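Structural description and commentary
Chain by chain, the residues run as shown.
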Amino acid sequence: MVTLYIHTLSLTHTHRLSQKIQQAGDVAVVWCENVRVAGQYDDMIKTLRDLGLNPFRKVRFVCGSETTTTTTTMPTDPEPHERLVNVLGSERTYSVLELFSRYLDIRGRPSRSFLQQLSFYATDEDHREKLLELATPEYAALYHDYVRRESRSYLEILHDFDSARPPLEVLLSIIPPLRPRYFSISSVNSRCVHLTVAVVRYKTPLRREIFGLCSNWLASLQKSSSVVIAVKRGSLRLDNHNGPLICVGPGTGVAPMRAMIRERASIDVEGKSSDVSLYFGCRHRDKDFLYESEWNARLENKTLSELITAFSRDQSSKIYVQTRLAKNGKKIWDCMNAPNGTIVIAGNSKMASDVRLALIKIVKEQANCSEKDATRLVKVLEQRRRIQTEAWS
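Across the protein chain, the average pLDDT comes to 87, with 85% of residues at 70 or higher. A low-confidence stretch, residues 1-5 (pLDDT under 50), is modelled with 18 contacts involving residues beyond four sequence positions or located in other chains. pLDDT under 50 marks residues 64-77. Its contacts with residues more than four places away, or in other chains, come to 32 contacts.

In structure tokens:
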């Protein structure tokens, strides 16, 4: 079972970003590091030495080929991973420690291709045969159990098969670059970027403890820490502020809802900004009711007209946001029919799918139509951006 520790983070950005964070629905693109605690590299130095690598060796990439800054030229075959060259961009010098800490996805899940290529460097015959088995489609179930179910990383594979020690240039060619993570921004028009992050920690079927890379790294940041981020437009955007707004955001899905409600309250078009309903859900009210005091304050000052909660584990029968939506079918239907009425949904893909089914059922009941016609109407509203969804797995 996944254990989620909700962490709200406030990042003060530079003037270069101040003009970009203007609308609710923006997304922060975060580049994290391959360390559990930000700024602490002792474990990584030890890991690199265990792999037979010098953490402080200098490496330079030039025109797609990788060379050292010493007088010795490294082999250009194999070349560094194509996407790694794209990430590193212009010519500059990197230490091996920097490459493995910031640019290589060493804590990602290795592909069968990686295992096959690693087998060429295994000096232990059992290691070589095992790696080839894992890399063969015929043994897909074995690969799934060993790598996927147990969430084993590139580093852990290199540790388990310690007779395989490819040289640095090979590792740079078979390990892909670290990808940035995307988070909905929960603030708007501010020099502080608010992120609402679920810190992921869980145990595998074999009771191995797994830590989500970016979420735990973010949670470890100190006040003076530096974070590399960019801001981009997300899939959610309020095209107008004149009609009723229904926000469905359980868990960290409430992040873009918070920004939208703040934006709506700041505009206050003809006094209609208070026609906002928020459906929020989580497991336990006393453990992860995000922004409870803020919602209560908004109910008091009328910038939020309705707060409907669903705490799934606080009673014997589980209650979810889609359960609450079904109980308020008339209001949902009125929003669909109101000029500029908008329904916004954010959260995990399973919840988003269940909410969509709930909306179809509401249309079917309220309009007294067939399921086919109800589905068609929901699809039309989605095409017109009257129903918007941002979902993740």
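Axis separation between helix α5 (residues 112-119) and helix α6 (residues 125-135) bottoms out at 8 Å; the angle between their running directions is 155°. On the basis of the axis angle, α5 is roughly antiparallel to α6. Here α5 runs over α6; the crossing is left-handed. Residues R112, L115, Q116, L118 and S119 of α5 lie in contact with α6, whose contacting residues are R128, L131, L132, L134 and A135. Grouping the constituent residues of the contact of α5 with α6 by class yields six nonpolar, two polar and two charged.

Counting through the fold element by element, I387 comes out in strand β14 (residues 387-392). Residues I387 and M336 lie 51 residues apart in sequence; the distance between their C-alpha atoms is 8.6 Å. Apart from residues no more than four positions distant in its own chain, I387 is found in contact with M336, I343, I345, L359, V378, L381 and E382.

Bringing the sheet that holds β14 into the picture now. Pairing in this open sheet of five strands is parallel, and the strands run β12-β11-β10-β13-β14 from one edge to the other. A strand with exactly one partner marks an edge of an open sheet, and here the two such strands are β12 (306-311) and β14. When the angles between neighbouring strand axes are averaged without regard to direction, this sheet yields 10°. Relative to β14, strand β13 (residues 342-348) runs parallel, the two sharing six bridges. The residue of β14 that forms the bridge with N348 is W392.

By the criterion of burial, β13 is predominantly enclosed, with six of the seven residues buried. As defined by bridge partners, strand β10 (residues 245-248) adjoins β13 across four bridges and the pair is classed as parallel. Bridge pairing in β13 places V248 opposite I345.

This part covers the environment of S220. Take S220: it is sitting in the loop between α10 (213-219) and β9 (228-233). Separated by 183 residues in the primary sequence, S220 and V37 have C-alpha atoms spaced 5.3 Å apart. In contact with S220, other than residues within four places in its own chain, are R36, V37 and A38. A polar contact of 2.8 Å, which involves the side chain of S220, links it to the backbone oxygen of W217.

With that settled, the discussion passes to the sheet that holds β9. Taking strand neighbours across the sheet as the criterion, the three strands line up as β6-β2-β9 in an open arrangement whose pairing is antiparallel. A strand with exactly one partner marks an edge of an open sheet, and here the two such strands are β6 (181-184) and β9. Neighbour to neighbour, the strand axes of the sheet diverge by 30° on average, direction disregarded. Inspection of the sheet shows strand β2 (residues 26-31) paired to β6 by four bridges, in the antiparallel sense. Residue pairing for β6: V29 is matched across the bridge by Y182.

In this section: the packing of aromatic side chains. Inspection of every chain in the model, using the stated rule, returns six aromatic pairs. Their ring planes at 80° and their centres at 5.4 Å tell us that Y94 and Y103 sit as a pair that is edge-to-face. Y103 sits in the buried class, given a relative accessible area of 19%. Taking 6.1 Å as the distance between ring centres and 80° as the angle between the ring planes, the aromatic pair formed by Y291 and W295 counts as edge-to-face. One aromatic cluster is present, built from ring pairs that chain together F280, F289 and F311. Sitting above the plane of the Y291 ring, R258 keeps its charged end 4.3 Å from the centroid.

Conventions and cut-offs
Residues numbered from 1 in each chain as written. Predicted model: local features only at pLDDT ≥ 70, side-chain atom pairs only at ≥ 80, totals over all residues. Heavy atoms only, no water. pLDDT = per-residue confidence, 0-100. Contact = heavy atoms within 4.5 Å. Axes fitted to C-alpha atoms, helices over the stretch in contact; angles between N-to-C directions. Helix = DSSP H or I, 4+ residues; strand = E, 2+ residues; numbered from the N terminus. Parallel < 35°, antiparallel > 145°, perpendicular 65-115°, else oblique. Left-handed = near helix turned anticlockwise from the far one by under 90°. Nonpolar A, V, L, I, M, F, W, Y, C, P; charged D, E, K, R; others polar. Pairing = 2+ DSSP bridges. Buried < 20%, exposed > 50% of the residue type's maximum accessible area, 1.4 Å probe, protein only. Polar contact = N/O pair within 3.5 Å; in protein donor to acceptor, adjacent residues only side chain to side chain. Phe/Tyr/Trp six-rings, centres within 6.5 Å; stacked < 30°, edge-to-face > 60°. Lys NZ or Arg CZ within 6 Å of the ring centre and 35° of its normal.

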